[in-house]
Amino acid sequence: MDHMKTKVMCVASSLLILLALATPAQSAPPPVPDPLRAFSVLPAGQNGFVSLGDVLGGTHQPHSVDQLDMYAGLIEDDDVTEDELDDHFKSFQFGPGATIEREYKPRADVTVYRDNFGVPHIYGETDDAAFYATGYVAAEDRLWEMDLFRHAANGELASLLGPGTNDAYFHNDEITRRDGYTDAELDEMLGGLSDQFAADGQRVEDGVAAYVAGVNARIAEVKADSTLVPAEYQGAAITDWAPRDVAALAVFQLRDFGDTGGSELFHAALLDQLGKSESSASRSFGRDGKRAHSATGGGGGGPAPSPSSTSGPALDALKDFLIPMDPNTYTTIPSAEGKYPSQSVGSVNEAALALPDDPKKLLRKVYGERQVTKETQRVLGYRPEQQSSFLAVAPDHSTTGKTLEYGGPQVGYNIPQFFMEIDVHSPTLDFSGPAVPGVSLLVPLGRGIDYAWSLTTGVSDNVDTWMEQLCKPGGGKPALDADHYMYKGRCRAMTERTETIFVKSAIGTLEEHSLVVQRSVHGPVRARTTVDGKPVAVVQQKAYWMHEADSVVAFSRMNLNSMSTAEDFIATMEDATMSFNSVFANNDQIGYFHAGKYPLRAKGVDGNLPVWGTGQWDWKGYFPADQLPRMINPAQGWIANWNNKPSVGWRGGDSSGWGATHRSWILQDQMSKLLEGSNTASLSDVVDVIRTAATVDGRAFRVGNQMLGALGDVSGTSSDARAAVADWIDAGSHRIDLDDDGLQDFGPGVVAFDLWFDTLARRVFGDELGGNYDLVSVPISDIASEGGSSYYSDYSNYIWNLLRKSTRDKLAMDYCDDIKTSKKESCAFQVRKSFSQAIKSATEEMGTGDVASWTAPIEKIHFSAIGGAEVPDIDWQNRGTWNHIVEVMGTR
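Not measured: the values here are computed from a predicted model.

**Student:** Requested: an account of the overall build of the chain, with residues and values cited.
**Tutor:** A tally of helices and strands in the chain yields 23 helices and 28 strands. The dimensions of the chain, computed from C-alpha atoms along their principal axes, are 95 × 75 × 55 Å. Of all 892 residues assigned to the chain, the portion counted as buried reaches 62%. The long-range fraction of contacts in the chain, counting pairs at least 24 apart against all pairs at least 6 apart in sequence, stands at 73%. With an accessible surface of roughly 31,500 Å², the chain has 51% of that area assigned to carbon and sulfur atoms. Charge separation in the chain, taken as the distance between the mean sites of 76 positive and 121 negative side-chain charges, equals 9 Å.

And the structure:
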């Protein structure tokens, strides 16, 4: 579908509004205090219903795409003014406003008002009535989407969609069943909330029951009227929901966004490769971990170092790639506000390490599972990676003297969108924000009466990998498929159950498959391999196991009209078990908290590598919640986070990527520039910060000038290319197409830099990695992607460290020196050589040495169709999927 069709749909939506205005006046909703000035945007739109006629005719229902253009157009506005906020956002006030398109009662004690963007505003006489309506409107707007989510969460996707390409859906069902909970465990988790959290837990339990009743009431209407059946259900049954479905979906999605660890097998394979590089290098490691230059240039004088990958130098080199404590990374809590150290376990005790004998073979299985998961996530229409951002400005740094807050949770782009908006009011509830269909009885972020809050994935390590040593009862050598393991001196039996998975065949029948699921004391068995020749089972332990729903209770408290202060907010978020950064803003406070449940590891255990599960190295409990990073009203007057490190002293997890080039520096740079003059900001100024940051190439922004400095002077075509790169970087390193010709505005510089960066990374790290770049848990370039979020972490962190002598001298290896040659290469040599190679490649690809004529297409965001509707791609931008901006004008 092209932009013209989108505009036709918007005109149709406008006609509906005019018709609504022409109808007799409807009743006004009950008044609710609203001292906020609030805006939001959700592309493509609120409505996810698609009729069969829409699919056949390529049309959209009202409010399916009416927020697409306002979202896409932000990056083309060179300076957003207060009057232009309405061009890029819609109202995020409580209530439907002046235009009520529809008013109805899902049941007698609750009224729903639909506004001119189709957002439901719910007013219940009781909390139960409000929760009932949240289920009802979710099924109105997103019945197919929430059912798709439900099937995935229960490990039943293949029964709905078939096995999928390369059996991806079937294998994802296997993974979900293996790593998930039984029906009895889900019931226990949900039913135990009232015991654990008293009234707060009971409210969630009751709310889920009412929500499910509302969903099922709408399903009954759909079954009775074929015109209400979503087109995607052709040949598929519509079944009622149960509270257990909501619990399963909550677990499924919280894990996707708040499970931030478990990369130990990747690191084991990387460590093995670094050990091999060390032992095969013509120049060996020295005592200090640096490689000593050999005057002979051949095999070296003396025997080769031990190939053991657990040697000190190889472990030190591993840290160069994991950068767990990089002092040059941006922290949300400024150092002046205090230091929040995470647990220190001292130096690694190699006796604890359980490194697989063939880590690459094992990694292929783990990597294959990741690809299966990603394929399923694509079908579900979201990408749960480190993507979200938020900002808050204190009153004394605001132009109006009012607190400002921006939230941009990033969950990918699809139609219908992962989020839907709801606005809910009842005796104890007053909240509005983005809800996830299927668990949309609350919002995990959004706004209350006189405050707003937001979340980003926290990325701290809450998952570890254990190697369970297999054993044979009564003695003897165990087989690789043994169902017993050694734990605290005893040979113990694994728990075992059989799951039945149904797969829809090509003719619509269901094929039955059995899956045996085994668990140790640490968690589900994921794979089997050997360590030092001994058969082992590979198991992951999750710090939040059986406690995902605790986070739901924490979020639900934010929805109460009794919430008020930053202190209340932090106390509430201390119960959240998943890894999240959170921000809060009320009339006179801005606050930050790094939430999550994190293990206290045994002394000598490296959380980045697999460990023996024999009991000696078990976790010693959990990190105290009252010691997690937090801050209220920092002296600098603002808070920024883009999934970056929370505080000085806090250790990066095994997939954090918290290095010197983290994209959060872009926000820091913009906020510093904004406040260095007048020292105040308006709401539109905050939007401009987000708009500007949304198109910046994070690699060029942080390391581009350092690469140019190391390059020095060049001649001929290389000189023109160097100038093009320099001009692009000086202009802000933006990947943007303001003249709308489909090409990057700074095409020559982008072409040259992209090739140069990739070539440089491969030249300096290819020998140590043996060409296995995917062993590192970040891509070479986290470049502008069709999923939107980019520049979280890539090889630019490593290049940054190489191009500064102060950081280069602290590295375990001289990466610029090629271990395959007899001479010693410098970093400056590699920079120059890679530039020459890149420009040669660019000349060949472009078919000309005329640098000014080099072009690069603008990157696009693609909206995954998870139903029958489609929308056009939009120009790439690095910002939240759903955005809200708030100015807190007063208190209740």
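**Student:** Just give me the short version of the nonpolar core, but keep the residues and values in it.
**Tutor:** Counting residues in each nonpolar core, the largest one holds 112 residues, and the members touching the most others are Ile 122, Trp 241 and Met 573. Sort the elements by how many residues they give to this core and helix α5 (residues 127–153) lands first, with 15 residues. Residues contacting Trp 241, with those up to four places away along its chain left out, are Met 146, Asp 147, Arg 150, Val 212, Val 215, Asn 216, Ile 219, Val 246, Leu 249 and Gly 438. Counting residues in each nonpolar core, the second largest holds 83 residues, with Trp 617, Ala 726, Phe 757 and Ala 842 among its members.

**Student:** Which residues make up the packing of helix α7 (residues 168–179) against helix α13 (residues 359–380), and what values go with them?
**Tutor:** Put simply, α7 and α13 touch, their axes get as near as 9 Å, and they point 105° apart. When the interaxial angle is binned, α7 and α13 end up roughly perpendicular. For the pair formed by α7 and α13, the contact residues are Ala 168, Tyr 169, His 171, Asn 172, Ile 175 and Arg 178 on the first element and Glu 369, Val 372, Thr 373, Glu 375, Thr 376 and Val 379 on the second. Classifying every residue of the contact of α7 with α13 gives five nonpolar, four polar and three charged.

**Student:** Would you mind going over the environment of Phe 757 in detail, with residue names and values included?
**Tutor:** Along the polypeptide, Phe 757 turns up in helix α20 (residues 747–769). Measuring from C-alpha to C-alpha, the distance between Phe 757 and Ala 838 comes to 8.5 Å, with 81 residues separating the pair along the chain. The residues touching Phe 757, leaving out its near neighbours within four places in the chain, are Arg 699, Val 703, Met 707, Ile 780, Ser 781, Asp 794, Tyr 795, Ser 796 and Ile 799.

**Student:** So what's going on with the pairing of strand β5 (residues 120–124)? Residues and values would help.
**Tutor:** The buried count for β5 comes to five of five residues, which makes it a mostly enclosed element. Of the two faces of β5, the one carrying Pro 120, Ile 122 and Gly 124 and the one carrying His 121 and Tyr 123 are both buried. Here five bridges tie strand β4 (residues 110–114) to β5, and the two strands are oriented antiparallel to one another. Note on β5: the bridge partner recorded for Thr 111 is Tyr 123. Turn length for the β4-β5 hairpin, with the two strands adjacent in sequence and antiparallel, is five residues, and the turn residue Gly 118 shows positive phi of about 80°.

**Student:** Let's hear about the packing of aromatic side chains: which residues, and what values?
**Tutor:** One pass over the full model with this rule turns up 31 aromatic pairs. Between Phe 321 and Tyr 798, the ring centres sit 5.2 Å apart and the planes meet at 70°, which makes this aromatic pair edge-to-face. Highlighted residues: Phe 321 in helix α12 (residues 312–322) and Tyr 798 in helix α21 (residues 796–802), separated in sequence by 477 residues. Each member of the pair Phe 321 and Tyr 798 is classed as buried. Here the aromatic cluster, defined as three or more aromatic residues joined through ring pairs, consists of Phe 321, Phe 765, Tyr 795, Tyr 798 and Tyr 815.

**Student:** Give me the lowdown on the sheet that holds strand β22 (residues 611–612), citing residues and values where you can.
**Tutor:** Pairing is mixed across the open sheet formed by four strands, whose spatial order is β18-β19-β13-β22. Among the strands making up the open sheet, the edge pair consists of β18 (525–531) and β22.

**Student:** Could you give an account of helix α8 (residues 183–191), with specific residues and numbers?
**Tutor:** Of all the positions in α8, only Glu 185, Leu 186, Met 189 and Leu 190 are classed as buried. Take α8 and look down its axis: the buried residues cluster within an arc of 130°, on one side only. Opposite the buried face of α8, by more than 90 degrees, sit the exposed residues Ala 184 and Glu 188. The secondary structure elements touched by the buried residues of α8 are α9 (193–224), α10 (243–258), β17 (510–519) and α14 (548–558).

**Student:** Give me the pairing of strand β6 (residues 389–393): which residues, what numbers.
**Tutor:** Across the five residues of β6, five count as buried, placing the element largely inside the fold. Of the two faces of β6, the one holding Ser 389, Leu 391 and Val 393 and the one holding Phe 390 and Ala 392 are both buried throughout. In this structure, β6 lies alongside strand β7 (residues 403–408), joined through five bridges in antiparallel fashion. Residue Ser 389 lies in a different strand from β7, and its bridge partner there is Gly 408. In this structure, β6 lies alongside strand β24 (residues 638–641), joined through four bridges in antiparallel fashion. When the bridges of β24 are listed, Phe 390 appears paired with Asn 641.

**Student:** Can you break down a negative patch on the surface residue by residue, with the values?
**Tutor:** Residues Glu 76, Asp 739, Asp 740, Asp 741 and Asp 745 make up a contiguous surface patch of negative charge. Relative to the assigned elements, Asp 745 resides in the loop between α19 (716–730) and α20. Residue class for Asp 745 comes out partly exposed when judged on its relative accessible area of 30%.

**Student:** Give a detailed account of the state of the cysteines, specifying residues and quantitative values.
**Tutor:** Summed over all chains, the structure comprises two disulfides. Two residues, Cys 471 and Cys 491, share a disulfide whose sulfurs are 2.0 Å apart. Given an S-S torsion of about 100°, the disulfide between Cys 471 and Cys 491 has right-handed geometry. In this pair, Cys 471 sits in the loop between β13 (463–469) and β14 (484–487) while Cys 491 sits in strand β15 (residues 490–493), placing the two residues 20 residues apart along the sequence. In this model, Cys 816 is linked to Cys 827 through a disulfide, with the two sulfur atoms separated by 2.0 Å.

**Student:** Could you give an account of a nonpolar patch on the surface, naming the residues involved and the relevant values?
**Tutor:** Together, Leu 52, Val 55 and Leu 56 make up a nonpolar patch on the protein surface, roughly 290 Å² of accessible area in all. With respect to the secondary-structure elements, Val 55 resides in helix α2 (residues 52–57).

**Student:** Residues and numbers for the side chain of Asn 644, please.
**Tutor:** Secondary-structure assignment places Asn 644 in the loop between β24 and α16 (664–675). Polar contacts involving the side chain of Asn 644 include one to the side chain of Asn 641, which spans 3.5 Å. Within polar-contact distance, the side chain of Asn 644 engages the backbone nitrogen of Trp 642 at 2.7 Å. Beyond its immediate sequence surroundings of up to four residues, Asn 644 is in contact with Tyr 330, Thr 331, Thr 332, Asn 581, Trp 658, His 662 and Ser 664.

Cut-offs used in this document
Residues numbered from 1 in each chain as written. Predicted model: local features only at pLDDT ≥ 70, side-chain atom pairs only at ≥ 80, totals over all residues. Heavy atoms only, no water. Helix = DSSP H or I, 4+ residues; strand = E, 2+ residues; numbered from the N terminus. Buried < 20%, exposed > 50% of the residue type's maximum accessible area, 1.4 Å probe, protein only. Contact = heavy atoms within 4.5 Å. Areas by Shrake-Rupley, 256 points an atom, 1.4 Å probe, with all protein chains shown as cover. Lys, Arg positive; Asp, Glu negative; His and termini not counted. Charge placed at Lys NZ, Arg CZ, Asp CG, Glu CD. Core = buried A, V, L, I, M, F, W, Y, C linked by side-chain atoms within 4.5 Å. Axes fitted to C-alpha atoms, helices over the stretch in contact; angles between N-to-C directions. Parallel < 35°, antiparallel > 145°, perpendicular 65-115°, else oblique. Nonpolar A, V, L, I, M, F, W, Y, C, P; charged D, E, K, R; others polar. Pairing = 2+ DSSP bridges. Phe/Tyr/Trp six-rings, centres within 6.5 Å; stacked < 30°, edge-to-face > 60°. Arc of directions from axis to C-beta. Patch = residues over 30% accessible without salt bridge, like charges linked within 9 Å, V, L, I, M, F, W, Y side chains within 5 Å. Salt bridge = Lys/Arg side-chain N within 4 Å of Asp/Glu carboxyl O. Disulfide = S-S within 2.5 Å. Polar contact = N/O pair within 3.5 Å; in protein donor to acceptor, adjacent residues only side chain to side chain.

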